[in-house]
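Here is what each chain is made of, one letter per residue.
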Amino acid sequence: MNKYTLTYKAFGSTAVLIEWQAQQISIDVLQDIQLFQQIILTELPEYIVECIPAYVSLTIIYKNKSFDQFVLALKASYQKHFNNLKQENIQKNNVWHLPVCYHQSLGFDLVAYSEKVQLTINEVIELHTNTLYTIYFLGFLPGFLYLGDLDERLHCNRKSSPLLKIPKGSVGIGGKQTGIYPQASPGGWHIIGNCPITLFKVNDEPPSPFKPGDQIQFYAISLEDYRQNNFSMAKSNNHA
Amino acid sequence: MLKVVQTGLYTSVQDLGRLGYRKYGVPLSGVMDAYAARQANLLLNNAENCAVLECTQTGPTLLFTQPSQIAICGADMNARLNKGAVALNKTLRIQANDVLSFGKLEYGMRCYIAIKHGFKTPLVLNSRSYYKPITIQQTISSDQLILYNVFDEPLHANYVKLSINRTHFKQSLIEVQPGPEFDLLPTNQQVMLLNTTFHIGINNRMAYQLEERFPNTLASILTSAVLPGTVQLTPSGKLIILMRDAQTTGGYPRVLQLTETAINRLAQKKLNNEIQFKLV
């Protein structure tokens, strides 16, 4: 049986919010949420409009059933399949290697930020590129990845006043998180570099190649390579 | 084709929204007042997801180059066809070179112009709803040409005129259900939230902010889904009602959830209007 307690709440009259009673973010909960999604999309497709996963929750927009009936159906199919599926490796996750140019002209907060966290610029880059970040979910803006596992030494409160326009591709750090701005947008994160890969393409199906459970590794590129388009996004499989 | 002569304050193409892409962080979008927009499509016997023009506060001026039929529902902006006043909530026949324009806003905030078979702007991720950067445009622009199908049939002799529900525009009660974090509020604050008259502050397709500050004792939550109609309570005590273009996830406590009817009703409210929440 599942080690987490799940709570089911009505979220308006068309959605169910399922919450994993876990105090913090973990890959274990992430896998559980993915498993849950996989089960219900297979077992109850006729009732599901769409699913919105997050750190410790899954919101399901549903149709053609009452809240009570739908929750019963969710619980039944989950219990029936949880143990079988937990044994198997549910899906192959990818590791994406993304180029980032950490030049100060692009990472315009790099100097101020490195002073704040009391590291040299090279140490910041090294710590930022050494971690394999897990994608927990996508949200906030089209194609924005919620990444976990930022090195504690890089944690830093957001800027007190957000910038009105952060350029597309900016790589930033805010609180305990790091991420890439898929489009130009306002934001309060410390910008330490820029990733020249377009993360979200409206004409692609799916529009974002990344999925929860995949991992991201950043690698540093020079300003020259950045300007001359001398980089690529590599994909590898972590199930060797 | 439709030629945009004047854009109006904020006019956009909308259908019922972009379903199925919220897991990629793409907002739902779609018509703010789905009740009025559905009525407009219904009058033309259109499919419910046909794209309409959503006009905000001040309507556009539009030149039709081909015959068709249209219907205008929602806010009353004194619509005029070639300088003659035309009725809302009624099917209207359009001839080539007709000009539709709008005057003073009488009531409501948003009106919908539906056309026979819908406006044919490009489908992006299965929807024609404008939302930048998913679509190139956020609003229609001057001299823009918008496609529609030619439809040159006379109106039915026994065509219907819908009678509109005036409470939709006048009612200040906004029906809500408890949000996921409602129970975390102290009881006195739950009571207060449901017994205060709030005033509408800054508002747009993304969110309606309320003017009054509310005491906030709740901590942030781990980022989780938000929906159109979710009422968030920020650390500074601001209440934000998310609307159709809202982001897909957020970290503020979700204290209330508007019903679909309430979202449609709120979409017709403007700055300084009063609202009260009513639990259903």
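No experiment lies behind these values; they were computed from the predicted model shown.

(A) Representation of the overall build of chain B within the structure. Scanning chain B from terminus to terminus reveals four helices and 20 strands. For 280 residues, the compact-globule formula gives about 19 Å, and the C-alpha radius of gyration of chain B, at 20 Å, lands near that figure. When the backbone C-alpha atoms are referred to their principal axes, chain B occupies close to 60 × 35 × 30 Å. Across the 280 residues that make up chain B, the buried fraction comes to 49%.

(B) Main features of the interface of chain B and chain A. Facing the 24 residues of chain B at the interface are 31 residues of chain A. Broken down by class, the residue content of the side of chain B that touches chain A amounts to 11 nonpolar, 11 polar and two charged.

(C) Molecular detail of the domain arrangement of chain A. Residues and elements named next belong to chain A. Under the domain assignment used here, chain A contains domain 1 (6-87) and domain 2 (94-237). Summarising the inter-unit geometry, the C-alpha centres of domain 1 and domain 2 are found 30 Å apart. Counting residues at the interface gives seven residues for domain 1 and seven residues for domain 2. Residues that form the side of domain 1 that touches domain 2 fall into these classes: six nonpolar, one polar and no charged.

(D) Spatial organisation of helix α4 (residues 121-130) of chain A. Residues and elements named next belong to chain A. Within α4, burial applies to Val124, Ile125 and His128. Seen end-on, α4 carries its buried residues on one side only, within an arc spanning 95 degrees. Across α4 from its buried face, at more than 90 degrees, point the exposed residues Asn122 and Asn130. Residues of α4 that are buried sit in contact with α3 (110-116), β10 (177-180), β12 (190-194) and β13 (215-221).

(E) Broad picture of the pairing of strand β17 (residues 238-242) of chain B. All names here are of chain B. Of all five residues in β17, four are buried; the element is thus mostly enclosed. Note: strand β16 (residues 230-233) against β17, three bridges, orientation antiparallel. Bridge pairing in β17 links Leu233 to Leu239. The turn joining β16 and β17, which pair antiparallel and follow one another in sequence, is formed by four residues; a positive phi near 90 degrees is taken by Gly237.

(F) Molecular detail of the sheet that holds strand β10 (residues 107-115) of chain B. Residues and elements named next belong to chain B. One open sheet accounts for five strands, arranged β2-β3-β10-β5-β8; its pairing is antiparallel. Edge positions in the open sheet fall to β2 (12-14) and β8 (91-94), since each of these has one partner strand only. Within this sheet the neighbouring strands show an average axis-to-axis angle of 30 degrees, counted without direction. In this sheet, β10 lies alongside strand β5 (residues 68-76) in antiparallel orientation, the contact comprising six bridges. Looking at β10, one finds that Ile72 is bridged to Ile113. Along the sheet, helix α1 (residues 34-43) makes contact with β3 (52-56), β5, β8 and β10, crossing β5 at roughly 155 degrees.

(G) Region of the structure containing the nonpolar core. Formed by 135 residues in total, the largest nonpolar core has its most connected members in B:Ala40, B:Val52, B:Ile72, B:Tyr112 and B:Ala114. Contacts of B:Tyr112, omitting those with residues within four sequence positions, involve B:Val31, B:Ala36, B:Ala37, B:Ala40, B:Val52, B:Leu53, B:Glu54, B:Ile72, B:Cys73 and B:Gly74.

Rules of the game
- Residues numbered from 1 in each chain as written.
- Chains lettered and ligands numbered in written order.
- Predicted model: local features only at pLDDT ≥ 70, side-chain atom pairs only at ≥ 80, totals over all residues.
- Helix = DSSP H or I, 4+ residues; strand = E, 2+ residues; numbered from the N terminus.
- Rg over C-alpha atoms; globule rule 2.2 N^0.38 Å.
- Buried ≥ 20, exposed ≤ 12 C-beta atoms within 10 Å, placed from the backbone.
- Contact = placed C-beta atoms within 7 Å.
- Nonpolar A, V, L, I, M, F, W, Y, C, P; charged D, E, K, R; others polar.
- Domains from an automatic or database assignment.
- Arc of directions from axis to C-beta.
- Pairing = 2+ DSSP bridges.
- Axes fitted to C-alpha atoms, helices over the stretch in contact; angles between N-to-C directions.
- Core = buried A, V, L, I, M, F, W, Y, C linked by C-beta atoms within 7 Å.

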